[in-house]
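Fold and geometry: a report
Single-letter residue listing:
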Amino acid sequence: MWTKLTLFSRSLPISHRIHLFSRKSRQSIARSLSTTKPLSKDGDIPCDRIPVSRIRNFSIIAHVDHGKSTLADRLLELTGTIAKKAGNKQVLDSLQVEKERGITVKAQTASLVYRYEGETYLLNLIDTPGHVDFSNEVSRSLAACDGVILLVDANEGVQAQTVANFHLAKSKQLVIVPVLNKIDLKNARPDAVTQELFTLFEIDPDEVLRISAKAGTGCEEVLKEIVKRLPAPDARREQNFRAMIFDSWFDRYRGALNLIFVKDGDVRTGQEIVSCHTGKTYEVKSLAMLQPDERKVDRLVAGQVGLLGCNMRTSKESNIGDTLYAKKDKTCVPLPGFKPQQPMVFAGVYPADQSQHPYLKSAIEKLVLNDSAVTVTPDSSPALGQGWRLGFLGLLHLDVFSQRLQQEYDADPILTAPSVTYRIKLKGAKIIAAHGGSEEIYISNPALFPDKTMVEEYYEPYVLGTIIAPTECTGPVIGLCVERRAIQKTSINIDNDRIMTTYLMPLNEIVLDFYDQLKSISSGYASFDYEDHGYVASALVRMDILLNGQLVDELCTVVHISKAQTHARELVLKLKDLIPRQMVQIAIQAVVGGKIVARETLKAYRKDVTAKLYGGDVTRRMKLLKQQAEGKKKMRSVANINVPKDTFINVLKR
């Protein structure tokens, strides 16, 4: 029977043969047929045979919620990469946190095959985040691109991140295709926004495309302009293999997977390659293109973007920006990668229970592989135990990282309040020698902040902030910025309704709630973006917290001298509410430079020792009260204040 079925099946087309097998077998065969080698549209030639001149590598950059992911969905549908369905919404936003928050936090790649004027083109698309806290994703994505689509909301107009992304793309000398989205909205003002682009960036109004990504209007024109305006990648297939890693993530079965841009030559499964950074040799186990799901291929050639698996066992072996080359070359000339952005905000991360330390360590290492902007250094706390000090690009970045730890690795860490890194110039030969001979040190943990007697100058990080807000909100915005010690640099009227201002402001003043306050006073219409401006000399002080005269390192903070009194008052009041009452009175003091600037007293539990008296002389009552007072005095001199761990967590956490 099986022989007859086999002979019969050979006479049928492949699509008909599959239905002769079981459902599970049919799925397995269909999967292998669809992932063996992706063909270009209409199945004419494989992607690795498309010449370099017909390859385009590009990103979509925009401000938050201007429609990047929606445009990516339409481009995927128009090229036949995914089927047209009503449920195609933010297809490239695959993370749970992205779907819940409705924002892109991770750059995603997809290879599109497009037919134009009888020729087949390979378009490698990278959909990037729009929030300033994920600008590192944009920066490294642009390292693999030759052009960008600058997407602007026709209703909202140019926003702060639009300005930042434009200048980032210009600095990398990329070709920019300006596109206006959401032109079908009732309040859309395409002519006014086009004029804004000309005023701010000198973009010719005739070059601006007008589309509606949600409705699909004009999206076909975007594909044509990508082919016509963007240059082909500078890739040479006749050279030996070289590729740059610009993204990576961890797979529990295959180890570290690397997303690469092949600059020279080609790479095949089974080939031996070497990492320039570590010098280790690997055998290529798997190659794939993302469309947007993985589609296995036998090789990747110069100009292509693809996924490479080579049994990298640990996350430390994969380095973003590293160059891979063929082992037979013996030597490597590293490709110019990209400069990773420096962390701006630091927070302590500790396991809720020290028994969870190994698991949390493994989870952080795997997640950092997928988010290279995060820095990790070991840290410890007498109150919270062993942990790490993590550096992030901003507060939203910290929030998303924490949420991904919980959702993707089922971890439940304790996060302390965020702080920034300070630069300190030391004085005195002995003090400098004690710090390894360096005159300048960097401190991100307030508990390690040195005393003023050891320091010649304190420096705190400043940022150059860009605020675009309605004109009627100018007064409240200026008031908020002055309150946060900001210095105005420029002010430009974009049009009659909006104004763009830039400020130099201390990073420490904006990491917590500045953006929330800005949105509140502008009814949600203001946008904010910032970039690093370096360190500026400042009058900083370390504030210590004493409990009955005992220093508590975990509660130390660094504040500007002008805000020391206010901050001290708020902190001691919070501690008074959080610390449980005990058998002894507790004095909660905030100290700056040896001077107490705020104090609260937590009363002790009181026992009525005179309750058993039923009369008699008053001296008996006084004698009992005196004995109680002497006992409490002795208790204060020998007792340790028992502050529960939960109290530290409630004070330190965000």
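Above this note sits the structure.
What comes next is a walk through the structure. No experiment lies behind these values; they were computed from the predicted model shown.

**So, the side chain of Thr502**
Here Thr502 lies in strand β25 (residues 498-506). Engagement of the side chain of Thr502 in a polar contact is seen with the side chain of Thr490, the distance being 2.4 Å. When near neighbours in sequence (up to four residues on either side) are disregarded, Thr502 contacts Leu464, Gly465, Thr466, Ile487, Gln488, Lys489 and Thr490.

**Concerning a nonpolar patch on the surface**
Judged by side-chain polarity, Val618, Met622 and Leu625 come together as a nonpolar surface patch covering roughly 260 Å² of accessible area. By relative accessible area, Val618 is classed as exposed at 52%.

**A look at the sheet that holds strand β20 (residues 413-415)**
With antiparallel pairing, the four strands of this open sheet are ordered in space as β18-β19-β17-β20. Whereas interior strands pair on both sides, the edge strands pair on one side only; in this sheet they are β18 (375-381) and β20. Between one strand and the next, the sheet's axes are offset by a mean angle of 30°, whatever the strand orientation. With seven bridges joining them, β18 and strand β19 (residues 385-392) adopt antiparallel strand pairing. Paired with Val376 across the strands is Leu390, a residue of β19. Each of β17 (345-351), β18, β19 and β20 touches helix α10 (residues 357-370); the most contacted strand, β19, lies at about 15° to it.

**Here's the deal with the environment of Pro446**
By the element assignment, Pro446 lies in the loop between β22 (440-443) and β23 (455-470). By relative accessible area, which is 14% here, Pro446 ends up buried. Sequence separation of Pro446 and Thr557 is 111 residues, and the distance between their C-alpha atoms is 5.3 Å. Not counting the four nearest positions on each side in its chain, Pro446 is found in contact with Arg389, Arg542, Cys556, Thr557 and Val558.

**Describing the nonpolar core**
Judged by nonpolar contacts, the single largest core of 49 residues is most densely connected at Ile364, Phe401, Ile467, Met505 and Phe514. In contact with Phe401, other than residues within four places in its own chain, are Ile364, Leu367, Val368, Asp371, Val374, Leu390 and Phe392.

**Quick look at the packing of aromatic side chains**
Where two aromatic rings form a pair, the distance of their centres and the angle of their planes describe that pair. For the coordinates displayed, the defined rule picks out nine aromatic pairs. Measuring from ring centre to ring centre gives 6.3 Å for Tyr114 and Tyr116, while their planes differ by 15°; the resulting arrangement is stacked. One exposure class covers both Tyr114 and Tyr116, and it is buried. Ring geometry for Phe166 versus Phe201: centroids 4.1 Å apart, planes at 20°, classification stacked. Here the residue Phe166 occupies a position in helix α7 (residues 160-171), and Phe201 occupies one in helix α8 (residues 190-201), the gap between them amounting to 35 residues. Three or more aromatic residues joined by ring pairs make a cluster, and in this case those are Tyr114, Tyr116 and Tyr121. The ring of Tyr459 is capped by Arg423, whose NZ or CZ atom sits 4.4 Å from the centre of that ring.

**What about a positive patch on the surface?**
A surface patch of like charges, here positive, comprises Lys607, Lys612, Arg620 and Lys623. Inspection of the secondary structure assignment puts Lys612 in the loop between β31 (595-602) and α16 (618-638). For Lys612, a relative accessible area of 60% corresponds to the exposed category.

What counts, and where the lines are drawn
- Residues numbered from 1 in each chain as written.
- Predicted model: local features only at pLDDT ≥ 70, side-chain atom pairs only at ≥ 80, totals over all residues.
- Heavy atoms only, no water.
- Helix = DSSP H or I, 4+ residues; strand = E, 2+ residues; numbered from the N terminus.
- Polar contact = N/O pair within 3.5 Å; in protein donor to acceptor, adjacent residues only side chain to side chain.
- Contact = heavy atoms within 4.5 Å.
- Patch = residues over 30% accessible without salt bridge, like charges linked within 9 Å, V, L, I, M, F, W, Y side chains within 5 Å.
- Areas by Shrake-Rupley, 256 points an atom, 1.4 Å probe, with all protein chains shown as cover.
- Salt bridge = Lys/Arg side-chain N within 4 Å of Asp/Glu carboxyl O.
- Buried < 20%, exposed > 50% of the residue type's maximum accessible area, 1.4 Å probe, protein only.
- Pairing = 2+ DSSP bridges.
- Axes fitted to C-alpha atoms, helices over the stretch in contact; angles between N-to-C directions.
- Core = buried A, V, L, I, M, F, W, Y, C linked by side-chain atoms within 4.5 Å.
- Phe/Tyr/Trp six-rings, centres within 6.5 Å; stacked < 30°, edge-to-face > 60°.
- Lys NZ or Arg CZ within 6 Å of the ring centre and 35° of its normal.
- Lys, Arg positive; Asp, Glu negative; His and termini not counted.
- Charge placed at Lys NZ, Arg CZ, Asp CG, Glu CD.

Coordinates in, geometry out; function isn't part of it.
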